[in-house]
Amino acid sequence: MKIPSVKYMRDFYPAEMRLRDWIEGNWRSASLRAGFEPWDSPILESLELYKRKSGDEIVGQLYTLTTKGGEELAIRPEMTPSLARMISARQSALPRPIKWFCAARMCRYERGQRGRLREFWQWNIDLLGVPGPAGDAEVISVALDGLEACGLNAEEIEVRINSRSLMAALLEAIGIPAERHAAVYAVTDKRGKIPADALQEMYRELKLGEEPLARLLEVLTCESLEDLGRVTAAMKLQSHQAALTELEDVFRYLDALGKKAYLKFDIGIVRGLAYYTGPVFEIYDRASKLRALCGGGRYDRLLETMGGQAMPAVGFGMGDVVLSELLADLKKLPTLQSGTDFVIVPLEEERVVDALRITGMLRQQGRSAEATAKAGNLGKAFKKANESGAKVVVLVGGREWEQGSVRVKDLQSGTERDLAIDGLVSQLTGQA
Ligand code: HAM
């Protein structure tokens, strides 16, 4: 009996692996271009880390295990608690600002659906030690650089931005005390994911009081910062001004970084995770067919709560699943080839060793090369070379060999020429 793979987890055959590598390569180059450094942590962490740091939703999705030694562990569902744990362990020794990135495997026991699996890869960018909007704008702009590297543009995706500090100030001003904010955020985070009337009912069930609920629902209708200005002026609310100015600066800085076309204020973005304190954002496909490609925000208090010193922090996570789905929907999946630059074809059985010798020398020169397994069969050799993206085919044998040369075909230009066997490899490496 064949044993199937685990539900909502993927096998990566070479074709799928090429796509994952390509996505991770784009994430990596966008990170390095902005001066971020790679890091990683173990796949297992103590269960306690997530219980304390991630919030109920993620804790409910953990893969947990108890070791033979009795330790309670969990497979990482996100990187931020590990990052906070690692940074707080060496905080004074690490050079500032701390600019870290990773593309890491993680697991969440979620209800499997389009864009949501139980194992996925997530790009994380985190910037610590830079207070205020400059840091927020920097990480959002790097997220967009990574998506642009994958071929996406402002007509296809948008960044929806809000601020937890702005929301906290507004909620406070309309009469919802701080201890009820987490509950309001938990319901608000469901906006767009469940029907509007079910959402209204959830707000009502919070028993916030008639007046605060009515004001809350009115504030939540605001579709732009201008709308918000009008509504809050009518309600004579003022204490949110500092948080509002901070958010406006995030927009201004992102404009300066060339990303204005992507930006949208969205009062429904509050993020499901417990640790966010300031501006928060999510990136979506404009057609809103898929779940969020990316989510992040400012979490200035997480380090302190891990026993470290207070340190401003902002970052995001972007998954490979939604991104691949969006590229497929937009017919933007790249054609990826994985062949060697040189394909060496022995024309006769006696030339197999000569072909292997040329192959070995090319590899020693740092070039990618492979010899076809069977002598002859030119048609098959050229077909494979073309499909795998080879640049040069070298035919070893025939009349040319007897005359001390080989026939070399450049697949890009279609030209052919004969090169002397003596000094062949240096001539070839000068060519491709
Ligand atoms: P998150 O919103 O939980 O944030 O996840 C970020 C992204 O990871 C999502 O937008 C989605 O693309 C992807 N993702 C999450 N769960 C799944 C899943 N089950 N299947 C496929 N993709 C998924 C965080 O994880 C924060 N730790 C991000 C962060 C970093 N904040 C600050 N620094």
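Counting of residues starts from 1 at the beginning of each chain's written sequence and follows it residue by residue. The model is predicted, so local features are restricted to residues of pLDDT at least 70 and side-chain atom pairs to those at 80 or more, both for listing and for counting; the totals for chains, interfaces and linings are taken over all residues. Only hydrogens and water are set aside; all other atoms, that is, all heavy atoms of the structure, feed into the side-chain values.

## Quick notes on the sheet that holds strand β2 (residues 44-46)
Keep this limit in mind: By definition, two strands form a pair when at least two bridges between them are found by DSSP. Secondary structure follows DSSP: runs of H or I at least 4 residues long count as helices, runs of E at least 2 residues long count as strands, and numbering of each begins at the N terminus. Axis definition: a line fitted to C-alpha atoms, limited for helices to the stretch in contact. Angles are taken between N-to-C directions and run from 0 to 180 degrees.
Spatial ordering of the open sheet is given by β2-β4-β3, a layout of 3 strands whose pairing is antiparallel. Of all strands in the sheet, those with a lone pairing partner are β2 and β3 (64-66), marking the two edges. If you compare each strand with its neighbour and ignore which way they point, the axes differ by 35° on average. In this structure, β2 lies alongside strand β4 (residues 72-75), joined through 3 bridges in antiparallel fashion. Within the sheet, the bridge partner assigned to L44 lies in β4 and is I75.

## Topic: the site of the ligand
Note the following rule: Proximity is defined per residue: any heavy atom of the residue falling within 4 Å of a molecule or strand makes that residue near it. We define a polar contact as two N or O atoms separated by no more than 3.5 Å, with the added condition that, inside protein, one atom must be a possible hydrogen donor and the other a possible acceptor, whereas residues neighbouring each other in sequence contribute only through side-chain atom pairs. When residues are grouped by polarity, Ala, Val, Leu, Ile, Met, Phe, Trp, Tyr, Cys and Pro land in nonpolar, Asp, Glu, Lys and Arg in charged, and all others, Gly among them, in polar.
Within the structure, the ligand sits among 25 residues, and E78, T80, E110, L117 and Y276 are positioned closest to it. R271 places a polar side-chain atom, nitrogen or oxygen, 2.8 Å from an oxygen atom of the ligand. Residue assignment for the shell around the ligand shows that the elements contributing at least two residues are β6 (119-128), β10 (294-298) and β11 (313-319). Of the residues belonging to the shell around the ligand, the class tally is 11 nonpolar, 8 polar and 6 charged.

## Quick notes on the pairing of strand β16 (residues 416-420)
Relative to β16, strand β15 (residues 405-410) runs antiparallel, the two sharing 5 bridges. The partner of V406 across the bridge, within β16, is L419. In this structure, the hairpin formed by β15 and β16 is closed by a connection of 5 residues, where G414 is found at a positive phi of approximately 80°.

## Some points on the packing of helix α8 (residues 196-205) against helix α9 (residues 210-219)
What counts here: Working rule for handedness: look at the near helix, and if it is turned counterclockwise from the far one by less than a right angle, call the crossing left-handed; if clockwise, right-handed. Note on definitions: a residue-residue contact is assigned when non-hydrogen atoms from the two residues lie within 4.5 Å.
With their axes 10 Å apart at the nearest point, α8 and α9 run at an angle of 145° to one another. The hand of the α8/α9 crossing is right-handed. Side by side, α8 and α9 meet where Q200, Y203 and R204 of the first sit next to L213, L216 and L217 of the second.

## Here we look at helix α11 (residues 241-256)
Where we set the bar: Multiplying 1.5 Å by the helix residue count minus one yields the expected span of that helix. Only protein chains enter the accessibility calculation, which uses a 1.4 Å probe; a residue is then buried when its area is under 20% of its type maximum, exposed when over 50%, and partly exposed in between.
The end-to-end C-alpha distance of α11, which contains 16 residues, comes to 23 Å, matching closely the 22 Å that a straight helix rising 1.5 Å per residue would cover. A243, L244, L247, D249, V250, F251 and L254 are the residues of α11 that are buried. Its buried side turned inward, α11 meets α5 (133-149), β7 (157-163), α6 (164-173), α10 (225-234), β8 (263-265) and β9 (279-285). Within two residues after α11, G258 carries a phi angle of roughly 85°, on the positive side.

## Section: unusual backbone geometry
For residues other than glycine, phi is negative in most cases, and the peptide bonds are mostly trans. The peptide bond linking R96 to P97 adopts the cis configuration, its omega dihedral lying at -10°. Within the secondary structure, P97 sits in the loop between α4 (80-89) and β5 (98-107). We note that K207 has phi near 50°; this positive angle belongs to a residue other than glycine. Here K207 lies in the loop between α8 and α9. Backbone geometry at S288 places phi at a positive 55°, although glycine is not the residue there. Tracing the backbone shows S288 in the loop between β9 and β10. We classify S288 as partly exposed; its relative accessible area is 44%.

## Comments concerning the nonpolar core
Filter applied, for reference: Here, nonpolar core means buried Ala, Val, Leu, Ile, Met, Phe, Trp, Tyr and Cys residues that are tied together by side-chain atoms lying within 4.5 Å of each other.
The biggest cluster of nonpolar side chains holds 69 residues, and the ones touching the most others in it are L228 and L323. In terms of residue count, α5 provides more of this core than any other element does, 7 residues in total. Counting 33 residues, the second-largest nonpolar core is a separate cluster that includes C102, A104, L273 and Y284.

## Points about the environment of T64
By the secondary structure assignment, T64 is in strand β3. Between the alpha carbons of T64 and A261 there is a distance of 42 Å; along the sequence they are 197 residues apart. If near-sequence neighbours (up to four positions away) are discounted, T64 is found in contact with L47, L73 and A74.

## Description of the sheet that holds strand β12 (residues 342-346)
Strand order in the open sheet made by the 5 strands is β13-β12-β14-β15-β16, with mixed pairing throughout. Of all strands in the sheet, those bounded by a partner on one side alone are β13 (369-371) and β16. Sheet twist, expressed as the mean angle between neighbouring strand axes with direction ignored, is 25°. Bridge count between β12 and strand β14 (residues 392-396): 5 bridges; the pairing is parallel. When the bridges of β14 are listed, I344 appears paired with V394. Taken strand by strand, helix α15 (residues 378-387) contacts β12, β13, β14 and β15, and its axis lies near 160° from that of β14.

## Description of the layout of surface pockets
Selection criterion: Whether a set of points on the 1 Å grid over the protein atoms alone is a cavity depends on a 1.4 Å probe fitting there but being unable to get out, while an open set qualifies as a pocket with protein on both sides within 12 Å along at least five of seven lines; lining residues are those with an atom within 4 Å of a point. Grid points are joined across faces, edges and corners, and a volume is the space filled by probe spheres set on the points.
When its volume is computed, the second largest pocket comes out at roughly 660 Å³. Along the wall of the second largest pocket there are 26 residues; nearest its centre are R164, A182, L273, A274 and Y275. Contributing elements (two or more residues each) for the lining of the second largest pocket: α2 (47-53), α3 (56-59), α6, α7 (181-188) and α12 (302-305). Among the elements that take part in the lining of the second largest pocket, α7 stands out by supplying 5 residues, more than any other. Among the residues forming the lining of the second largest pocket, the class breakdown is 11 nonpolar, 6 polar and 9 charged.

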